[in-house]
Amino acid sequence: MSGRPALERLASRALRLGLPAALHPAALAQAVVDEVLARARGGEAPNRVTVRLNPADARQLGPVLPDLEPALAESLDAACRAAGLRPFAPWQFRFVAAAAVPAAEPAVAADFSDPAAPASAAPVRETVRISRLNGLRLRLAGGGILPLTHVPFLLGRAPECDGVIADLAVSRRHAEIRRAPGGGLEICDLGSRNGTFRNGERIAAAPLEPGDRIALGSVELTLEEQP
């Protein structure tokens, strides 16, 4: 596949690390290329790639991330040229540890990220540490409960999300609840199509406390403390 020189340079390191087949740089590059090409539209390829990994896999992959990302970019550049596509914007890569992802089964998602839009607080090119939570939940306005068991907690329509919301007004990867830099929680929009709102106000990122109402498109949730 394309990007071969950079991937070949990583092959021996991947072997020494004992990475499973699904985490081999060539396998990840192929999965990323396949997802980006599948999500292309109007002659443009989605530029933001998120790879969600089981936390143990994220730790294993950590040593090769600095070299893996340029290799992925090379692969995507070559694949887009071959397909007659252009990237929507510069490539962005995000590797996220998620307890819901099975071991050795990375989940790849690609979307369009406009660099001119308000940036969320999400660090790019960083493996995120999972923090466990107790006593919190999200209540959907139409009924239903999503236990908020950990952060980061990804909300969206895609099946790999921590909180799956099956509504067409919700983007595949719509928003994420995270630890705020100064402590507590925050809700961050992930470049969603219909926006993220807290207590009626559209936000890029905002603090989140029990009692706050979150709207993802037309879907409303309330953060609650469990009784």
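Residues numbered from 1 in each chain as written. Predicted model: local features only at pLDDT ≥ 70, side-chain atom pairs only at ≥ 80, totals over all residues. Heavy atoms only, no water.

As recorded in an unreviewed UniProt entry, the protein chain goes by the name FHA domain-containing protein, listed as coming from Tepidiforma flava.

## Brief notes about the pattern of salt bridges
All chains considered together, the criterion is met by 10 salt bridges. The partner of R48 in a salt bridge is D111, with the nearest N and O atoms 2.9 Å apart. One end of the pair, R48, is in strand 2 (residues 48-53); the other, D111, is in strand 5 (residues 107-111), with 63 residues separating them in the sequence. For the residue pair R48 and D111, the accessibility class agrees, reading buried in each case. R137 serves as the salt-bridge partner of E224, at 2.9 Å between the closest nitrogen and oxygen. One end of the pair, E224, is in strand 18 (residues 219-225); the other, R137, is in strand 7 (residues 136-140), with 87 residues separating them in the sequence. Considered together, E224 and R137 belong to a single accessibility category, that of buried residues. (Salt bridge = Lys/Arg side-chain N within 4 Å of Asp/Glu carboxyl O. Helix = DSSP H or I, 4+ residues; strand = E, 2+ residues; numbered from the N terminus. Buried < 20%, exposed > 50% of the residue type's maximum accessible area, 1.4 Å probe, protein only.)

## Details of the nonpolar core
In this structure, L61 and F95 are the most contacted members of the largest nonpolar core, which totals 32 residues. Of all elements in the fold, only helix 1 (4-17), helix 2 (25-39), strand 2, helix 3 (55-61), helix 4 (65-83), strand 4 (92-97) and strand 5 reach the threshold of two or more residues within this core. In terms of residue count, helix 4 provides more of this core than any other element does, 8 residues in total. (Core = buried A, V, L, I, M, F, W, Y, C linked by side-chain atoms within 4.5 Å.)

## Here's the deal with the packing of aromatic side chains
A full pass over the atoms with the stated rule returns 1 aromatic pair. Judged by centre distance (5.4 Å) and plane angle (85°), the ring pair of F88 and F112 falls under edge-to-face. Of this pair, F88 sits in the loop between strand 3 (86-87) and strand 4 while F112 is found in the loop between strand 5 and strand 6 (131-132), placing the two residues 24 residues apart along the sequence. (Phe/Tyr/Trp six-rings, centres within 6.5 Å; stacked < 30°, edge-to-face > 60°.)

## Here's the deal with helix 4
Over its 19 residues, helix 4 runs 26 Å from end to end, which matches the ideal 27 Å to within 8%, given 1.5 Å per residue. Residues of helix 4 that are buried include every one of L65, L68, E69, A71, L72, A73, S75, L76, A78, A79 and C80, and no others. A positive phi of about 70° marks G84, the residue just after helix 4. (Expected span 1.5 Å × (residues − 1).)

## Quick look at helix 2
The terminal C-alpha atoms of helix 2 lie 21 Å apart, and with 15 residues this matches the ideal 21 Å at 1.5 Å per residue to within 8%. If you check which residues of helix 2 are buried, you get P25, L28, A29, V32, V33, E35 and V36. For helix 2, the angular spread of the buried residues around the axis is 165°, confining them to a single face. (Arc of directions from axis to C-beta.)

## Details of the environment of L221
Tracing the sequence through the fold places L221 in strand 18. Distance in space between the C-alpha atoms of L221 and R137 is 9.6 Å, their sequence separation being 84 residues. Each residue touching L221, except ones within four places of it in the same chain, is listed here: L138, R139, L140, L146, I165, D212, R213, I214 and L216. (Contact = heavy atoms within 4.5 Å.)

## Regarding the packing of helix 2 against helix 4
For the pair helix 2 and helix 4, interaxial distance at closest approach is 9 Å and the crossing angle is 45°. Considering their axes alone, helix 2 and helix 4 lie oblique with respect to each other. Crossing of helix 2 over helix 4 shows right-handed handedness. For the pair formed by helix 2 and helix 4, the contact residues are P25, L28, A29, V32, V33, V36 and L37 on the first element and L68, L72, S75, L76, A79 and A83 on the second. Grouping the amino acids of the contact of helix 2 with helix 4 by side-chain chemistry returns 12 nonpolar, 1 polar and no charged. (Axes fitted to C-alpha atoms, helices over the stretch in contact; angles between N-to-C directions. Parallel < 35°, antiparallel > 145°, perpendicular 65-115°, else oblique. Left-handed = near helix turned anticlockwise from the far one by under 90°. Nonpolar A, V, L, I, M, F, W, Y, C, P; charged D, E, K, R; others polar.)

## Digging into the confidence of the model for the protein chain
Fine structural detail should not be taken from predicted coordinates in areas where pLDDT scores are low. Mean pLDDT over the protein chain works out to 84, with 89% of the residues at or above the 70 mark. In this model residues 118-127 is a low-confidence stretch, pLDDT under 50, and it forms 24 contacts with partners more than four residues away in sequence or in other chains. (pLDDT = per-residue confidence, 0-100.)

## Section: the side chain of R52
For R52, the position within the fold is in strand 2. Polar side-chain contacts of R52 include one of 3.1 Å to the side chain of D162. (Polar contact = N/O pair within 3.5 Å; in protein donor to acceptor, adjacent residues only side chain to side chain.)

## Some words on the sheet that holds strand 14 (residues 196-198)
Pairing within the open sheet is antiparallel, and its 6 strands lie in the order 8-7-18-17-14-15. Looking at strand neighbours, the two that pair on one side only are strand 8 (145-147) and strand 15 (201-203), the edges of this open sheet. Within the sheet, the average angular offset between the axes of one strand and its neighbour, ignoring direction, is 30°. Here strand 7 runs beside strand 18; their pairing, made up of 5 bridges, is antiparallel. Bridging from a neighbouring strand, L136 pairs with E225 of strand 18. (Pairing = 2+ DSSP bridges.)

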